[in-house]
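# Understanding the architecture of this molecule
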Amino acid sequence: MTHSALPLLIDDIYFGERDGLHEYMKQERLEANILDNSFVNPPKVKLQELYTGARYIIAGPKGAGKTTLLWHLKRSAPNHQSKVILFKSQIRKEDRDRLDKMIDMVIVEDQRKFKVEADYKTIWEWYILKNVVRLMSPESILSGHDIYKDIAIILEADKRKFNTLYEKMYLNSAKGQVKISFDIGMLKTELGAEIEARREQGDKISLLDLVRLVQDALPSIKLKVDYPVRLYFDELEFFMSEDGDGERDRRMVRDLLFASYTTNTICTACGLDVVVYASVRTELLNSIGGSTQEINKIVNAFGVVLNWYHEDVETHPVLTIFSNKIQNSEIMKVGRYSEDVWKTYFPMSVRGKGIKRYLLDIGLHRPRGVLLGIISAVGTAGERDRFTENDFLDTEETYGAYMLEEFVDEIAATYDEPATELIISLFRGNHYAFTRADFDGRLRKTSATNKAAKAILERSGTDNLLKLLFRIGMIGNHFDIEEAGVPKNRQVWAVRGATEPLLEKRFVLHQSVRKVLATV
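Just so you know, these numbers come straight off a predicted model, no measurement behind them. (Residues numbered from 1 in each chain as written. Predicted model: local features only at pLDDT ≥ 70, side-chain atom pairs only at ≥ 80, totals over all residues. Heavy atoms only, no water.)

What follows deals with the sheet that holds strand β17 (residues 486–492). Where strands meet in a sheet, backbone hydrogen bonds hold them as pairs that are either parallel or antiparallel. One open sheet holds the 4 strands; their spatial order is β15-β18-β16-β17, and the pairing between them is antiparallel. Here the strands that pair on one side only, and so sit at the sheet edges, are β15 (433–434) and β17. Bridge analysis of strand β16 (residues 475–483) against β17 gives 7 bridges, and the strand direction is antiparallel. Within the sheet, the bridge partner assigned to Phe479 lies in β17 and is Arg490. Together, β15, β16, β17 and β18 (507–509) form the strand contacts of helix α23 (residues 461–471), whose direction differs from that of β16 by roughly 90°. (Pairing = 2+ DSSP bridges. Helix = DSSP H or I, 4+ residues; strand = E, 2+ residues; numbered from the N terminus. Contact = heavy atoms within 4.5 Å. Axes fitted to C-alpha atoms, helices over the stretch in contact; angles between N-to-C directions.)

As structure tokens, this is what we get:
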């Protein structure tokens, strides 16, 4: 039963969902606007640059709010012709396997080793062009109508089919060819002659030729001023599959970012108000390997990286998100709101820390981390109108399991499932504080009987693994120093702005997962 006065029951407050997409979907079903009204601009992110397409890559750690920002861009620009491409719901393992058959595979031999290098960039350029053209309409074309119609025929850009990746395209895996399934006589511009000239073996043409012909024809199209086109790619991390295809999937993500860059560059040069956005985890970018430098250049020039760290706890933007959500819940229920939701609904402190500091520290100063801490406590406080300290203390193990899932997902961007499980096992039952030598010793001892541990040592080594765990916030430095003869405690964490760990100093496991990993 809903309260008719403040404070609300905890169960009547909408704190949010673990997944940004699910949160937007739930808001749509409830016809509510709490999420939109509670939006807080991430620090140092200039929304106008994103709206205009001056920046179009959203990067950040897991739980930083990439999906929320992407959907906010879409929902706050209702006049745009736009679609969101959701890998999580649309690309399955069999689809990825199918994509492998659509591209040219090159075998490179080097010093008795070989690897399969696959360039997915062209297929992504084709897919992006196909969906961009779908978002256009004859009424939106100011000039170049015939070119637009021919491109739509060539790409088979059926506006009714946004839900499948491949449709009627069939490529020869040996030569990267596409079957022409339309009558060339249907084409009314010079594109028909170009395709006829490049056609090979009957009804086949190189996919690269087809894509380049379309890209070269784009300058002939002019869109009306009030017809911006936006394509949003979300959930790129879904490609990190559990079936041993990590390297292939990383290349897919890498080449999608390259294809987005190419398309945006071409459209800008053509004067087309077309922008392709993509959100991606920073740890996935770090795992790409040989192309990291080129990807980083693109991200630095055209991307935003979400980092919520803020020195002042009282005005921290992550906490503002939740105070906004609580107040908007109150407005929906009773038409007014509490001036200070923290005093109204939360205990003053937990484990000796002020409630705000406690939530930020356990939540890695990120929206999802704080959310997980709160919704864990809701499980015991739901039927009351106020949290107690015990609500948070009694659910620390539940919360720890949530956070461990977050860390595992981040590690899985670089390591396969056996290696990820091995890395987590190095912490179980051990002391939460350790040195580099301690950790290296555990890894080397385990490598004598564990293939995954041996592979980690050979592939990346102890120091690189520690740096990864530091970047994702699972570990940090915590040690004593002396300043002017006074002993002081110093902490170094990625979530507090540090870029590299101090390998020679003591490490500690993040407090959120100490209990669930049975550390001592």
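Strand direction decides the pairing type here: β16 and β18, joined by 3 bridges, are antiparallel. By the bridge assignment for β18, Ile475 is matched with Leu509. Where β16 folds back onto β17 in an antiparallel hairpin, the turn is made up of 2 residues, including Ala484, whose phi is positive at roughly 55°.

What the rule picks out here adds up to 4 cavities of 30 Å³ or more. Every residue lining the largest cavity is counted, 13 residues in all, and those nearest its centre are Lys62, Leu364, Arg366, Met403 and Glu406. Secondary-structure elements contributing two or more residues to the lining of the largest cavity are α17 (367–381) and α19 (396–411). At 4 residues, the largest contribution of residues to the lining of the largest cavity is made by α19. (1 Å grid on protein atoms, 1.4 Å probe; cavity = no way out; pocket = protein on both sides within 12 Å on 5 of 7 lines; lining within 4 Å. Points joined across faces, edges and corners; volume = space filled by probe spheres on them.)

Here we come to the side chain of Asn328. Mapped onto the secondary structure, Asn328 falls in helix α14 (residues 317–334). Setting aside chain neighbours within four positions, we find Asn328 in contact with Ile34, Asn37 and Ser38.

Below, the discussion takes up the pattern of salt bridges. In total, this model carries 25 salt bridges according to the counting rule given. Between Arg351 and Glu396 there is a salt bridge; the shortest N-O distance is 2.8 Å. Taken together, the residues span a long stretch of sequence, with Arg351 in the loop between β13 (349–350) and β14 (353–354) and Glu396 in helix α19 at a distance of 45 residues. For Arg351, a relative accessible area of 53% translates into the label exposed. We classify Glu396 as buried; its relative accessible area is 15%. A salt bridge links Arg368 to Glu406, with the nearest nitrogen and oxygen atoms 3.1 Å apart. With Arg368 in helix α17 and Glu406 in helix α19, this pair connects stretches of sequence that are 38 residues apart. What emerges from the salt-bridge pattern is a single network uniting Arg18, Arg368, Glu405 and Glu406. (Salt bridge = Lys/Arg side-chain N within 4 Å of Asp/Glu carboxyl O. Buried < 20%, exposed > 50% of the residue type's maximum accessible area, 1.4 Å probe, protein only.)

Quantified by volume, the second largest pocket comes out at close to 650 Å³. Broken down by element, the residue count for the lining of the second largest pocket peaks at 4 residues, all from helix α12 (residues 282–287). The class makeup of the residues in the lining of the second largest pocket is 13 nonpolar, 8 polar and 6 charged. (Nonpolar A, V, L, I, M, F, W, Y, C, P; charged D, E, K, R; others polar.)

Across the protein chain, pLDDT averages 86, with 85% of residues at or above 70. Ranking the elements of the protein chain by mean pLDDT puts strand β3 (residues 105–110) last, at 36, and β18 first, at 98. pLDDT under 50 marks residues 103–117. Its contacts with residues more than four places away, or in other chains, come to 26 contacts. Taken as a whole, residues 238–242 scores under 50 in pLDDT and shows 22 contacts with residues more than four places along the chain or in a different chain. (pLDDT = per-residue confidence, 0-100.)

Let us look at helix α21 (residues 436–447). The terminal C-alpha atoms of α21 lie 16 Å apart, and with 12 residues this matches the ideal 16 Å at 1.5 Å per residue to within 8%. Within α21, the full set of buried residues consists of Phe439, Asp440, Arg442, Leu443 and Ser447. Angularly, the buried residues of α21 cover 160° about the axis, an arc narrow enough to put them on a single face. In this structure, α21 carries Ala437 and Lys445 as exposed residues pointing more than 90 degrees from its buried face. Close packing links the buried residues of α21 with α20 (417–425), β15, α22 (451–459) and α23. (Expected span 1.5 Å × (residues − 1). Arc of directions from axis to C-beta.)

A few words on the packing of helix α7 (residues 121–135) against helix α10 (residues 207–217). For the pair α7 and α10, interaxial distance at closest approach is 10 Å and the crossing angle is 45°. On the basis of the axis angle, α7 is oblique to α10. Two packed elements cross with a definite hand, and for α7 against α10 that hand is left-handed. Only Leu207, Leu208, Leu210, Val211, Arg212, Val214 and Gln215 of α10 make contact with α7, whose side of the interface consists of Lys121, Thr122, Ile123, Glu125, Trp126 and Leu129. Of the residues contributing to the contact of α7 with α10, the split by class is 8 nonpolar, 2 polar and 3 charged. (Parallel < 35°, antiparallel > 145°, perpendicular 65-115°, else oblique. Left-handed = near helix turned anticlockwise from the far one by under 90°.)

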